[in-house]
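# Working through the structure, step by step
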Amino acid sequence: MIELDVEQAIGRAAAMAAGGRTLLGIAGCPGAGKSTMSAAIVERVPSTAIVPMDGFHMLNEDLVRLGRRNRKGAPDTFDVGAYVAQLEKVRRQDELPVRAPRYDRAASDPVPDAITIEPDVALVITEGNYLLLDAPPWDAVRPLLDEVWFVEVDDAIRVPRLIARHIEFGKSPDEAREWVLRSDEANAAVVATTRDRADVVVHVS
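It should be emphasised that the depicted structure is a prediction, and the values quoted were computed from it without experimental measurement.

What counts, and at which threshold
- Residues numbered from 1 in each chain as written.
- Predicted model: local features only at pLDDT ≥ 70, side-chain atom pairs only at ≥ 80, totals over all residues.
- Heavy atoms only, no water.
- Core = buried A, V, L, I, M, F, W, Y, C linked by side-chain atoms within 4.5 Å.
- Buried < 20%, exposed > 50% of the residue type's maximum accessible area, 1.4 Å probe, protein only.
- Helix = DSSP H or I, 4+ residues; strand = E, 2+ residues; numbered from the N terminus.
- Contact = heavy atoms within 4.5 Å.
- Bend = angle between axes of the 7 residues up to and from the residue.
- Axes fitted to C-alpha atoms, helices over the stretch in contact; angles between N-to-C directions.
- Parallel < 35°, antiparallel > 145°, perpendicular 65-115°, else oblique.
- Left-handed = near helix turned anticlockwise from the far one by under 90°.
- Nonpolar A, V, L, I, M, F, W, Y, C, P; charged D, E, K, R; others polar.
- Phe/Tyr/Trp six-rings, centres within 6.5 Å; stacked < 30°, edge-to-face > 60°.
- Lys NZ or Arg CZ within 6 Å of the ring centre and 35° of its normal.

Take the nonpolar core next. Judged by nonpolar contacts, the single largest core of 33 residues is most densely connected at Tyr83, Ile117, Leu131, Trp138, Val141 and Phe150. For this core, the secondary-structure elements that each account for two or more residues are β2 (22-28), α4 (80-92), β4 (98-104), β5 (109-117), β7 (147-152) and α6 (173-192). For this core, the leading source of residues is α4, giving five residues. Look past the residues within four positions of Phe150 in its chain and what remains in contact with it is Ala27, Gly28, Cys29, Leu132, Val191, Ala192, Thr194, Arg195, Ala198, Val200, Val201 and Val202. Membership of the second largest hydrophobic core comes to 22 residues, among which are Ala9, Trp149, Val153 and Val200.

In C-alpha cells:
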C-alpha cells in the first residue's frame with residue numbers, strides 16, 4: 001500500500017489522466033474529505049469528472065417504506081445495482097455523453113441526470129464510503145475501478161466537521177450530534193475495516 005499526502009495524490013491523479021479513460025475510486029469514512037479531495041483533482045487536473053456514489057441513495061420515500069430512513073447512509077440504503085450499471089457505462093466510454101445523478105444535500109434526495117460525462121473525459125472519479133466493501137452487492141464495484149484510494153483524517157477533525165455539515169443542511173446541533181454518533185459513526189466503523197484493501201492511503205487535514 002502506498003501512502004501519500006494531498007499534493008502527491010493530485011500528482012498521481014494527473015499521471016492517471018494522461019493514460020486515457022481511467023476510473024479512480026476515492027473511499028473513506030463519512031466526513032474524511034472524499035468530496036474535497038475529488039474537487040481538488042478536478043480543479044487541477046484537466047479532463048476529469050466526478051460520479052459520486054451519493055447520487056445513488058435510495059429515495060426517502062423508499063427508505064421510509066423499507067423502514068430504513070433513520071439509517072440513511074448505511075450500505076443497504078443505496079441502489080447498488082444502479083451504481084454498478086452506471087460505472088459499467090462510464091467504463092465503456094461510448095461515443096455519446098453519459099448522464100449520472102447528483103445528490104442534493106439540501107433536498108436530501110438524488111437529482112437524476114445532473115452530471116454529464118463527455119466521451120473525451122480521461123479520468124472519472126467516483127467517491128463514496130463503500131467502494132471497498134467485499135460483501136455482495138458492493139463487491140461488484142471494486143473490479144470496475146482501476147485504482148481506489150482511502151482518504152484518512154484524524155477523528156478529532158472528522159467528527160466535528162461531520163456534525164457541522166449536518167447543521168449546515170438543517171439539523172439542530174443536538175440532532176446533528178445524535179445522528180453522527182448513532183448513524184454516521186456506525187457506518188464509519190464499517191468503512192474503516194476496508195482501509196487495507198485500498199491501493200493508496202491519502203492523509204488529509
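The largest bend in α6 comes to about 40°, at Val180. Those residues of α6 that fall on the buried side of the exposure criterion are Ala176, Trp179, Val180, Ser183, Asp184, Asn187, Ala188 and Val191. Here the buried face of α6 lies against β2, β7 and α5 (155-168).

A few words on the packing of α5 against α6. Here α5 crosses α6 at 125°, and the two axes come no closer than 9 Å. By the criterion of interaxial angle, the relationship of α5 to α6 is oblique. The interaxial crossing formed by α5 with α6 has right-handed handedness. Residue-level inspection shows Arg158, Val159, Leu162, Ile163, His166 and Ile167 of α5 in contact with α6, the latter providing Pro173, Ala176, Arg177, Trp179, Val180, Asp184, Glu185 and Ala188. In terms of residue class, the contact of α5 with α6 is made up of nine nonpolar, one polar and four charged.

This next bit is on the packing of aromatic side chains. For the structure on display, the rule yields five aromatic pairs. Aromatic side chains Phe56 and Tyr83 sit 5.2 Å apart centroid to centroid with 45° between the ring planes, which places their arrangement in the tilted category. Pair noted here: Phe56 is in the loop between β3 (48-50) and α3 (60-66) and Tyr83 is in helix α4, with a separation of 27 residues, a long-range link. Plain terms: the ring middles of Phe78 and Tyr130 are 6.0 Å apart, the flat faces sit at 75° to each other, and that makes the pair edge-to-face. One end of the pair, Phe78, is in the loop between α3 and α4; the other, Tyr130, is in the loop between β6 (123-127) and β7, and 52 residues separate them in sequence. In this pair, the class of Phe78 matches that of Tyr130, namely buried. Put simply, the rings of Phe56, Phe78, Tyr83, Tyr130 and Trp138 pair up and form one aromatic cluster. The residue whose ring lies beneath Lys171 is Trp179, and the NZ or CZ to ring-centre distance is 4.8 Å. It is Arg182 that lies over the ring of Trp179; its NZ or CZ is 4.8 Å from the centre.

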